[in-house]
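Understanding the architecture of this molecule
So the chains spell out like this:
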Amino acid sequence: MRVIVIGAGVAGSAAALALRHLGAEVTVYEAYADPAGDVGSFISLAANGLRGLEALGCLPRVQRLGVALPRQRMWSASGRLLGDVPRGRRADDPLHSVTLMRGALVETLRAAAAEAGAEIVTGERLTGVTETPGAVTAGFPGGRRDSADLLVAADGIWSLVRGALDPAAPRPRYAGLYCVSGVSADARGLGVEPGVFNMTFARNGAFIHLAADDGTVWWSAQIADPRQPRLDDAVGAGWLRDTAALYRREPVPSAVLAAAVGTHPTVLMHTLGPVPTWYGDRTVLIGDAAHPVGAGQGASMAVEDALALAAALRGQGPSGVPGALARYDAARRPRVTRLLGAARDNREAKKAGPVARRAQAAAMRLFLPLFYDRSTAWLHGHDPATAVVE
């Protein structure tokens, strides 16, 4: 089977690797010269995503590049502890969540896909997709065209392929949150405990921080603002100054921001309504192209998608692609739909006003110790390596 993958980010690189494990001939087309790029900041992988990476043969490399975070602590704006729970895992799971720079994860997966025999072509932006009986053709600038038995669209939240499959598909919209992220010096001096993912539900949005292995602090301010900010100057002192002003009344976030030594590009957060069409006869959406989830599960869901697609295609020749895509959709959609609901609640919690924030804090102090592990078992306990598509 010959496969074209559009996009060499987390989802595309993981899919290329999983499909090479099946013996498919895979060519990946990436619009940017460097798909790792200077995009975003750090991302997390929960236990379910890490088990997927283990099946792909990449887990040790990813663990070496990241920070293991066994615990997650939630804090009120005043600094009161709201909950202390396992981070992205069941309480008895020895596999600890890993947080690492997005570029490091992409580079690792892309290198593994290339080592497995996938061809990766950068600097080629998709311009169109055409399905014909028994084949699918991708078009690129300058008249370049390529045909295959299957096209896997991992082209992100702004997916061109999603609109080609369904012109009525939803389009992304600003979620009322944007992220200013960066690095601060002296985790020990700031009293940031290693191995803990900290989230403060502050007055102007959530503030995340953690101690990195090199002694610095990685932080991300997820700022609630109904007005979409302009990103003319997406990196620099102005963003840091404005962010510090917004968190000036929260003691710990304020101290972390005061010690900042650098920032990453500011990123707008977007939401996407449910996508009704994930596949055609020869084309399938994966990752953010189909379901941007957030909630610390974006990368893990991308890895799950890659393995589920490979499971659906296992043992199939080119003629079996349409049926395999239908099985993939049926297998993945219920789990992703459930997560999208949780992600919506997570997003709204970060935008809560003063009254809602106080009620939220009271509920978290009651809920987290008693029900957190049980309520997230379906998510973190999943093993994508053993999921079978019937």
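Up top is the structure.
The next point concerns the pairing of strand S11 (residues 145–148). Taking every second residue as pointing to the same face, the buried face of S11 carries Asp146 and Ala148, while none of Arg145 and Ser147 on the other face is buried. Where strand S10 (residues 135–139) meets S11, four bridges bridge the pair, whose relative direction is antiparallel. Residue pairing in the sheet places Ala138 in a bridge with Asp146 of S11.

Below, the discussion takes up the side chain of Thr99. One can find Thr99 in strand S7 (residues 97–101). Classification of Thr99 as buried rests on a relative accessible area of 0%. A distance of 2.7 Å separates the side chain of Thr99 from the side chain of Ser44, its partner in a polar contact. Beyond its immediate stretch of four places on either side in the chain, Thr99 contacts Phe42, Ile43, Ser44, Gly66, Val67, Leu69, Phe197, Leu210 and Trp218.

This next bit is on the pattern of salt bridges. Counting across every chain of the model gives 16 salt bridges. Note that Asp146 and Arg2 form a salt bridge whose closest N and O atoms lie 3.0 Å from each other. Taken together, the residues Asp146 in strand S11 and Arg2 in strand S1 (residues 2–6) connect sequence positions 144 residues apart. Look at Asp146 and you get buried, because its relative accessible area is 12%. Judged by relative accessible area, Arg2 falls into the buried class, the value being 19%. Across the salt bridge formed by Asp225 and Arg227, the nearest N and O atoms sit 3.5 Å from each other. Shared partners join several salt bridges into a network, and the residues in it are Arg71, Arg73, Asp84 and Glu193.

On to the sheet that holds strand S12 (residues 150–153), then. Note: strands within a sheet are paired through backbone hydrogen bonds, in either parallel or antiparallel orientation. Read from one edge to the other, the open sheet built from five strands follows the order S8-S2-S1-S12-S19, with strand pairing classed as parallel. Each of the sheet's edge strands pairs with one partner strand only, and the pair in question is strand S8 (119–122) and strand S19 (283–285). Put simply, the sheet's adjacent strands are angled 20° from each other on average, direction ignored. Where strand S2 (residues 25–30) and S8 come together, four bridges link them in parallel fashion. Among the inter-strand pairings, Glu30 is bridged to a residue of S8, identified as Thr122. Contacts from helix H10 (residues 321–349) reach S12 and S19, with the element oriented near 15° to S19.

On the surface, a nonpolar cluster with roughly 380 Å² of combined accessible area is contributed by Leu366, Phe367, Leu370 and Phe371. You can see Leu370 is positioned in helix H11 (residues 354–375).

We now examine the packing of aromatic side chains. Scanning the model with the defined rule gives seven aromatic pairs in all. Considering the side-chain rings of Trp278 and Tyr328, the 6.5 Å spacing of their centres and the 45° angle between planes classify their relative orientation as tilted. Residue Trp278 is located in the loop between strand S18 (267–271) and S19, and its partner Tyr328 is located in helix H10; the two are separated by 50 residues in the primary sequence. Here the two residues Trp278 and Tyr328 agree in accessibility, since each one is buried. Pairing Phe367 with Phe371 gives two aromatic rings, centres 5.9 Å apart and planes at 35°, and the pair type is tilted. Here Phe371 and Phe367 lie together in helix H11, a separation of four residues that amounts to about one turn. In textbook terms, an aromatic cluster arises when at least three aromatic residues are bridged by ring pairs, as seen for Phe207, Trp219 and Tyr247. Against the face of Phe197 rests Arg87, its NZ or CZ located 3.6 Å from the ring centre.

Our next topic: the nonpolar core. Counting residues in hydrophobic clusters, the biggest one holds 69 residues, and the most contacted among them are Val26, Leu53 and Val152. Tallying contributions element by element places helix H9 (residues 298–313) first for this core, with ten residues. Setting aside chain neighbours within four positions, we find Leu53 in contact with Leu45, Cys58, Leu59, Val62, Leu109 and Val303. Within the second largest apolar cluster, 19 residues are counted, among which are Met74, Ala206, Leu210 and Ala212.

Along its twelve residues, helix H1 (residues 10–21) runs 17 Å from first to last C-alpha, staying within 8% of the 16 Å computed at 1.5 Å per residue. Across the twelve residues that make up H1, a large majority, ten, are buried. All of the buried residues along H1 are Val10, Ala11, Gly12, Ser13, Ala14, Ala15, Ala16, Leu17, Ala18 and Leu19. Those residues of H1 that are buried are in contact with S1, S2, helix H2 (47–56), helix H4 (102–115), S12 and H9. Just downstream of H1 lies Gly23, where phi reads positive at about 95°.

In this section: H11. Look at H11: only 26 Å from first C-alpha to last across 22 residues, short of the 32 Å you get at 1.5 Å a residue. Along H11, the sharpest change in direction is near 65° and occurs at Leu368; proline Pro369 comes one to four residues later. The secondary structure elements touched by the buried residues of H11 are strand S5 (71–76), strand S6 (81–86), strand S14 (196–202), H10 and helix H12 (377–380).

Procedures and definitions
- Residues numbered from 1 in each chain as written.
- Predicted model: local features only at pLDDT ≥ 70, side-chain atom pairs only at ≥ 80, totals over all residues.
- Heavy atoms only, no water.
- Buried < 20%, exposed > 50% of the residue type's maximum accessible area, 1.4 Å probe, protein only.
- Helix = DSSP H or I, 4+ residues; strand = E, 2+ residues; numbered from the N terminus.
- Pairing = 2+ DSSP bridges.
- Polar contact = N/O pair within 3.5 Å; in protein donor to acceptor, adjacent residues only side chain to side chain.
- Contact = heavy atoms within 4.5 Å.
- Salt bridge = Lys/Arg side-chain N within 4 Å of Asp/Glu carboxyl O.
- Axes fitted to C-alpha atoms, helices over the stretch in contact; angles between N-to-C directions.
- Patch = residues over 30% accessible without salt bridge, like charges linked within 9 Å, V, L, I, M, F, W, Y side chains within 5 Å.
- Areas by Shrake-Rupley, 256 points an atom, 1.4 Å probe, with all protein chains shown as cover.
- Phe/Tyr/Trp six-rings, centres within 6.5 Å; stacked < 30°, edge-to-face > 60°.
- Lys NZ or Arg CZ within 6 Å of the ring centre and 35° of its normal.
- Core = buried A, V, L, I, M, F, W, Y, C linked by side-chain atoms within 4.5 Å.
- Expected span 1.5 Å × (residues − 1).
- Bend = angle between axes of the 7 residues up to and from the residue.

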